[in-house]
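Breakdown of the fold
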Amino acid sequence: MKNETSFKYFYILPFSEDAKNNPFIVTFFFLIYLVGILVNSSVIKVICLEVQLHKPMYLFICNLSIVDLFYTSVTVPKLLHILLSGNHFVSFSQCFTQLYFFSVLVTAEEILLFIIAYDRYVAICLQLHYHRILGQRNCSLITIGNWAAAFLNSLILVSSVYFMSFCHSNIIHQFFCHPKALTKTTCTGTQMLFVIIGIEILILAFIPFVCTFVSYFKIFSIIFKMKSKESQKKAFSTCSSHVTVMTIYYGTGLLGYAIPSNSDVLELVGNTVYTTIIPMLNPIIYSLQNSNVKSALLGLVK
């Protein structure tokens, strides 16, 4: 940290002074967190235990549930502790640790959504080569590469934040250490961070989104040419869940970055949806749309 930094702690203030002790807020975040933990854990357990689900598509869905499981665990427990204890102070080390793992999970999720789209593309457009392209060895390498890229990218991002000078304010108007919120507390050193974020958006968001769009254009063109209505329905069911998740994820993510920097309330709402509600909805959407996962979950309940 540079010498210009004039304080040693951040003060997390997501809500107004009147609303911060509202039991409704605590209950809301606790329920969202509890449901997210339960549904993601159930999906992971089912996919691991059911032999019929040991396929590339379900391996990637399992990885997505693992990401979503930790996604909310990085932010919500600390928020609940702040709201219940009234202690809003967070040390630099705590803040940067939270930011690091949050960035890891964001990166892993973005890459995974693209990988799932690629899996659907190969399964429908390159059926004869599916097991060769997405065999067990290749899937393992893809999974390892995804997590390695996520940890490396997060290290680069957090390193750029670490060397910024924080002197304007130590108040973060978010419920966790979000990089955009941290830039409002700095006086110098933000240029490199914005360059890195711009490169990340291009490589991890824009290019995968365009590739996914092209993939689904080809996928749906093939689906519409299928003669069997049953085959069309099955193909649509496996793709519609992912399209829904992609739309919600990128829609709220774009909204979060498009919101003006002075709109703290809108940013808070966008980040709440992005970091807590979506990780809860993802496994529910996949479970409802996928008959195999749904049957396995019902069997687990029984």
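Residues numbered from 1 in each chain as written. Predicted model: local features only at pLDDT ≥ 70, side-chain atom pairs only at ≥ 80, totals over all residues. Heavy atoms only, no water.

1. Comments concerning the overall build of the protein
Which entries qualify depends on this criterion: A helix here means a DSSP run of H or I that spans at least four residues, while a strand means a run of E at least two residues long, and both kinds are numbered starting from the N terminus. Accessible area is worked out with a 1.4 Å probe on protein chains only. A residue is then buried under 20% of its type maximum, exposed over 50%, and partly exposed in between. Two residues qualify as a contact provided that any one of their heavy atoms is within 4.5 Å of a heavy atom in the partner residue. The protein chains shown are the only cover counted for residues, whose accessible areas, like all others here, come from Shrake-Rupley with a 1.4 Å probe.
Broken down by element type, the protein carries ten helices and five strands. Across the 302 residues in the protein, those meeting the buried criterion constitute 49%. Look at the contacts in the protein between residues 6 or more apart in sequence, and 79% of them connect residues 24 or more apart. About 15200 Å² of surface is accessible on the protein, with carbon and sulfur atoms providing 69% of the total.

2. Looking at the confidence of the model for the protein
Low pLDDT means the predicted atomic positions in that stretch should not be read closely. To keep it simple, the criterion reads: Scored between 0 and 100, pLDDT is the confidence that the predictor attaches to each residue.
Per-residue confidence for the protein gives a mean pLDDT of 82, with 89% of residues at or over 70. At the low end of the mean pLDDT range in the protein sits strand β5 (residues 186-188), at 71; at the high end sits helix α5 (residues 136-162), at 91.

3. Let's talk about the sheet that holds strand β2 (residues 89-91)
As a reminder, the rule being used: Strand pairing is defined by DSSP finding a minimum of two bridges between the two strands. Only C-alpha atoms enter the line fits that serve as axes; for helices the fit covers just the stretch in contact. Angles between N-to-C directions range over 0 to 180 degrees.
One open sheet accounts for three strands, arranged β2-β1-β4; its pairing is mixed. The outermost strands of the open sheet, each flanked by one partner alone, are β2 and β4 (171-172). Relative to the sheet, helix α3 (residues 92-125) contacts β1 (9-12), β2 and β4, its axis offset from that of β2 by approximately 80°.

4. Quick word on the state of the cysteines
Quick note on the threshold: A pair of cysteine sulfur atoms is labelled a disulfide when the two atoms are within 2.5 Å.
The final tally for this structure, using the stated rule, is one disulfide. Across the disulfide from Cys-95 sits Cys-177; the S-S distance is 2.1 Å. Looking along the S-S bond of the Cys-95-Cys-177 disulfide, the torsion reads about -130°, which is the left-handed sense. Separated by 82 residues along the polypeptide, Cys-95 in helix α3 and Cys-177 in the loop between β4 and α6 (179-183) bring together distant segments of the chain. Of the two residues examined, Cys-95 and Cys-177, each falls in the buried class.

5. What to know about the environment of Ser-42
Tracing the backbone through its elements, the reader meets Ser-42 in helix α1 (residues 23-49). Overall, Ser-42 belongs to the partly exposed group, its relative accessible area being 26%.

6. Describing the packing of helix α2 (residues 56-85) against α5
Note the following rule: Reported orientations rely on four angle classes, namely roughly parallel under 35 degrees, roughly antiparallel over 145, roughly perpendicular from 65 to 115, and oblique for the rest. In this scheme the crossing of two helices becomes right-handed for a clockwise turn of the near helix relative to the far one and left-handed for an anticlockwise turn of less than a right angle.
Two elements in contact, α2 and α5, have axes whose closest approach is 11 Å; the angle formed by their N-to-C orientations is 20°. Taken together, the axis directions place α2 and α5 in an arrangement best described as roughly parallel. The handedness of the crossing between α2 and α5 is right-handed. Seen from α2, the contacting residues are Pro-56, Leu-59, Phe-60, Asn-63, Ile-66 and Val-67; seen from α5, they are Cys-139, Ile-142, Thr-143 and Trp-147.

7. Side note on the pattern of salt bridges
We apply this condition: The salt bridge definition used is simple: a Lys or Arg side-chain nitrogen within 4 Å of an Asp or Glu carboxyl oxygen.
In this structure the tally under the stated criterion is one salt bridge. The closest approach of N and O atoms between Asp-119 and Arg-120, which form a salt bridge, is 2.7 Å. The residues Asp-119 and Arg-120 share a single accessibility class, namely buried.

8. Details of the nonpolar core
A general trend in soluble globular proteins is that nonpolar side chains are found buried together. Where we set the bar: Working definition of a nonpolar core: buried Ala, Val, Leu, Ile, Met, Phe, Trp, Tyr and Cys residues. They are joined through side-chain atoms within 4.5 Å.
Judged by nonpolar contacts, the single largest core of 85 residues is most densely connected at Val-161, Ile-172, Leu-182 and Tyr-249. It is α3 that provides the largest number of residues to this core, a total of 19 residues. Here Leu-182 is in contact with Phe-10, Cys-95, Leu-99, Val-161, Phe-166 and Ile-172, once residues within four sequence places are set aside.

9. Topic: the pairing of β1
Across three bridges, the pairing between β1 and β2 is antiparallel. Each residue of the ladder has a partner; that of Tyr-9, found in β2, is Ser-91. The pairing of β1 with β4 spans two bridges and is parallel. Considered in β4, the bridge of Tyr-11 is made with Ile-171.

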